[in-house]
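One letter stands for each residue in the lines below.
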Amino acid sequence: MGGAAGEAFTNTLASSGMPPAAVLAREAIQNSVDAQAPSAAKVAVDFVARELTGDAKATFIKVAGIRRIQERAPHIEFNEPNCLTTLDNPDAPLRLLFVNDRNTTGLEGDPDDPDSKFYRFLLSLGDGGKEREERGTGGSYGFGKSVYSSNSSIQTIFAYSRTLDSNGRPLSVLFGCGYYRHHRIDENRYTGRAWFGFDQTSDHPHAQQVVDPLRNEAADELALALGFEERSHEDLGTSVLIVDVSTDVDTAGILRGVEDWWWPRLVSNLLDVRVLSADGAVELPRPRKREDLRPFLDAYEIAVGKSPPKPKVERRKIFNRMEGLAIGSAGFVVLEKQEDGDYVVGEERVDAVALIRSPLMVVAYYRRWQVGNPALAGAFVASEDIDGVLRAAEPPAHDRWDPEARRLQDQTGRKRQIVERVLTGIKRHLKRFQNEASPPPPPRPKRLNILERTLASYLSPNRRGRPLGTEPSPAPIHLSYVEEPRAIPAGGDDLRLRAVFTVRLKSDEEIEALKVGVHVTCPVMEDEQEGEALQVFVKPSVAPIAHEAKPGWSVFDLSKGTAIRIECETEPYNPSWTVKFVPEVEPVEGD
């Protein structure tokens, strides 16, 4: 049972930047959601705090073997404060935290099998099996377990699970784990990994230590002695006991963490959570009661199509597919200022977008831009098509989507392109809506100089005025407009851009026939740059063939004296957008 040093299990998530209680809420629930039983409609998780004093404390210290840990304390150098300095004080509370889940599979499988959930959860570190074998999960690195020991002041936990063995028979298991600093006593070196169970180590001088978990009746009896809730044969699930829970983890922080990060699953009625304080009070997360979360909940319900967006103050955007893959959808809402001039959301979440994928946990409140006016709140919900890619883009703390993540490496770079498409698309659509929802700018002078008139005719959908014309080309091809690009009604308040042009060989060229490629795009202009393109429906007068070298291009046979007529219309778009019609024509080399 060798391997990494004990502190490797506790250091993994220590630098996430979030409050420890929030990290615990995120990761513990994620572990339970990932283990949801196939037949269960939703997972239930309880966080139960207890404080032991007097005889109850003394009994627990004896049953849990805490004195053995105290003996090693000078060599392990625990952070302070911790319970080891007050073990003999019956009035000093020993703080425990139980995390109990139900409607899950528990730590199923043979505990001796490295592929079992028991082994992965308690004995391995950085196991990526979940990523390879399970779709729609939150974790993938195998580091989520460290959230329990890292929140123990003495890095000690117990796990009790009611599950099924590899043959489908009921099984109870209990195991204790200590993840300590590696240390040395006299000439003996220790990894810092300690186990509470049955020692099955061979008598061979160089044998590797083997400790088996307690099973069935022995596990159930010790679980009751340690304070775990009794489980029936049908009550499958896992309970984790954090011994001497850190002083910076309290039930109020856990409750807030659950609301902050798991509200998408809570409001979707796919998760039940209770938080029980040491005095017996029971609290339930109520994200809809949180004024600072309400804008994000509204944006989420707009993104998933549950609520229609209100004109001018809300927006829904379905991202364009990428190589046949659905990307996802976003919702945005305008934030209103309160009477004191501040927004209802915290400063760090103004203009932020909640990033959400299939586990329905908020990965991050994403903002990589300057706050605009009006301020917004948003939610992006990723499609199942790209869930695996986004999961691979997350670091061990699962707190961002990183296009440079090493696990995204592939031959084509396609995975990184997907993540970049998501992040740039979020910013683009947020800023576009922000520009449309912004108060109108001060009136400009009526007189436009030549440059402004030229730019306006180039970027804006022309409804009237002089023909746009085309730039001279050295190729023997002439493109001319039959109907110059113009906006036409598309139903409701939306518009379409329509244009009709012809392509023919120049009359003064000696060439009699030529294959030509034609490509039409219509990007939306953002900050004087081309943004996402509208879909263009093209109807040529003759049937084309596909361009072998350029996807999206069409190839036509041109002969002198004839012209090909091409009618184009875009998908509907918002009338406040500025779009650019771009027809491209070029000779095609070949036979």
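Refer to the preceding data block for the structure.
Summary of the structure given here. (Residues numbered from 1 in each chain as written. Predicted model: local features only at pLDDT ≥ 70, side-chain atom pairs only at ≥ 80, totals over all residues. Heavy atoms only, no water.)

### Things to note about the overall build of the protein
Step number 1: Across its full length, the protein holds 13 helices and 27 strands.
Step number 2: The buried share among the 591 residues of the protein stands at 49%.
Step number 3: The long-range share in the protein, meaning contacts at least 24 apart out of those at least 6 apart in sequence, stands at 71%. (Helix = DSSP H or I, 4+ residues; strand = E, 2+ residues; numbered from the N terminus. Buried < 20%, exposed > 50% of the residue type's maximum accessible area, 1.4 Å probe, protein only. Contact = heavy atoms within 4.5 Å.)

### Brief notes about the nonpolar core
Step number 1: Counting 68 residues, the largest nonpolar core has Leu24, Phe47, Leu122, Tyr148 and Trp263 as the members making the most contacts within it.
Step number 2: Leu24 has contacts with Ile29, Phe47, Leu97, Val147, Tyr148, Asn151, Ile242, Val249 and Ile254, leaving out every residue within four places of it along the chain.
Step number 3: Membership of the second largest hydrophobic core comes to 31 residues, among which are Phe319, Leu325, Trp401 and Val419. (Core = buried A, V, L, I, M, F, W, Y, C linked by side-chain atoms within 4.5 Å.)

### Things to note about unusual backbone geometry
Step number 1: Of note, the amide linkage connecting Glu80 to Pro81 takes the cis form, showing an omega dihedral of 5°.
Step number 2: The residue Pro81 is located in the loop between helix 4 (66–76) and strand 2 (94–102) in this model.
Step number 3: Along the chain, Asn373 connects to Pro374 via a cis peptide bond; the corresponding omega equals 0°.
Step number 4: If you trace the backbone, Pro374 turns up in the loop between strand 17 (362–366) and strand 18 (376–382).
Step number 5: Notably, Lys312 is not glycine yet its phi reads approximately 75°, a positive angle.

### With respect to helix 9 (residues 251–267)
Side chains of residues three or four places apart in an α-helix project in the same direction, reflecting 3.6 residues per turn.
Step number 1: Counted at 1.5 Å a residue, the expected span for helix 9 with its 17 residues is 24 Å, but the 21 Å between its end C-alpha atoms falls short.
Step number 2: The largest bend in helix 9 is about 70°, located at Trp261, with the proline Pro264 one to four residues further on.
Step number 3: Counting buried residues in helix 9 gives 14 out of 17 residues, a clear majority hidden from the surface.
Step number 4: After helix 9 finishes, the residue Asn269 shows a positive phi value of roughly 60°. (Expected span 1.5 Å × (residues − 1). Bend = angle between axes of the 7 residues up to and from the residue.)

### Structural notes on the sheet that holds strand 16 (residues 353–356)
Step number 1: One open sheet holds the five strands; their spatial order is 14-15-18-16-17, and the pairing between them is mixed. In the strand order of this sheet, the two ends are held by strand 14 (314–318) and strand 17, each with one partner. In this sheet, neighbouring strand axes are inclined to one another by 15° on average, regardless of whether the strands run parallel or antiparallel.
Step number 2: Where strand 16 meets strand 18, four bridges bridge the pair, whose relative direction is parallel. For Ala354, the partnering residue across the bridge sits in strand 18 and is Ala379. (Pairing = 2+ DSSP bridges. Axes fitted to C-alpha atoms, helices over the stretch in contact; angles between N-to-C directions.)

### Some points on the environment of Leu255
Step number 1: The residue Leu255 is located in helix 9 in this model.
Step number 2: Exposure remark for Leu255: the relative accessible area of 10% places this residue in the buried category.
Step number 3: Each residue touching Leu255, except ones within four places of it in the same chain, is listed here: Val275, Glu283, Leu284 and Pro285.

### Let's talk about the packing of helix 2 (residues 20–34) against helix 9
Step number 1: Closest axis-to-axis distance for the helix 2/helix 9 pair is 7 Å, and the angle between their directions is 50°. With respect to each other, helix 2 and helix 9 are oriented oblique. In the crossing of helix 2 with helix 9, the sense of the turn from one axis to the other is right-handed. Along the contact surface, helix 2 presents Ala21, Ala22, Leu24, Ala25, Arg26, Ile29, Gln30 and Val33, while helix 9 presents Gly253, Ile254, Gly257, Val258, Trp261, Trp262 and Arg265.
Step number 2: Of the residues assigned to the contact of helix 2 with helix 9, the class counts are ten nonpolar, three polar and two charged. (Parallel < 35°, antiparallel > 145°, perpendicular 65-115°, else oblique. Left-handed = near helix turned anticlockwise from the far one by under 90°. Nonpolar A, V, L, I, M, F, W, Y, C, P; charged D, E, K, R; others polar.)

### Structural notes on the sheet that holds strand 20 (residues 495–505)
Step number 1: Pairing is antiparallel across the open sheet formed by four strands, whose spatial order is 19-20-26-23. Pairing within the sheet leaves two strands with one partner each, and these edge strands are strand 19 (477–489) and strand 23 (536–540). Going across the sheet, the axis of each strand differs from the next one's by a mean of 15°, ignoring polarity.
Step number 2: Across ten bridges, the pairing between strand 19 and strand 20 is antiparallel. Of the residues in strand 20, the one forming a bridge with Tyr481 is Phe501.

### What to know about the packing of aromatic side chains
Step number 1: Applying the stated rule across the entire model yields 19 aromatic pairs.
Step number 2: A ring pair is formed by Phe98 and Phe228, whose centres lie 5.3 Å apart and whose planes are at 80°; its orientation type is edge-to-face. Here Phe228 lies in the loop between helix 8 (216–226) and strand 11 (237–243) and Phe98 lies in strand 2, a separation of 130 residues in the sequence.
Step number 3: According to the relative accessible area criterion, Phe98 is buried, its value standing at 2%.
Step number 4: Consider the rings of Tyr481 and Phe581, whose centres lie 6.4 Å apart with planes at 50°: the pair is tilted. Here the residue Tyr481 occupies a position in strand 19, and Phe581 occupies one in the loop between strand 26 (563–570) and strand 27 (582–587), the gap between them amounting to 100 residues.
Step number 5: Site record: aromatic cluster; members linked through ring pairs are Phe118, Phe175, Tyr179 and Trp195.
Step number 6: Here the basic side chain of Arg50 rests over the ring of Phe98, its NZ or CZ set 4.7 Å away from the ring centre. (Phe/Tyr/Trp six-rings, centres within 6.5 Å; stacked < 30°, edge-to-face > 60°. Lys NZ or Arg CZ within 6 Å of the ring centre and 35° of its normal.)

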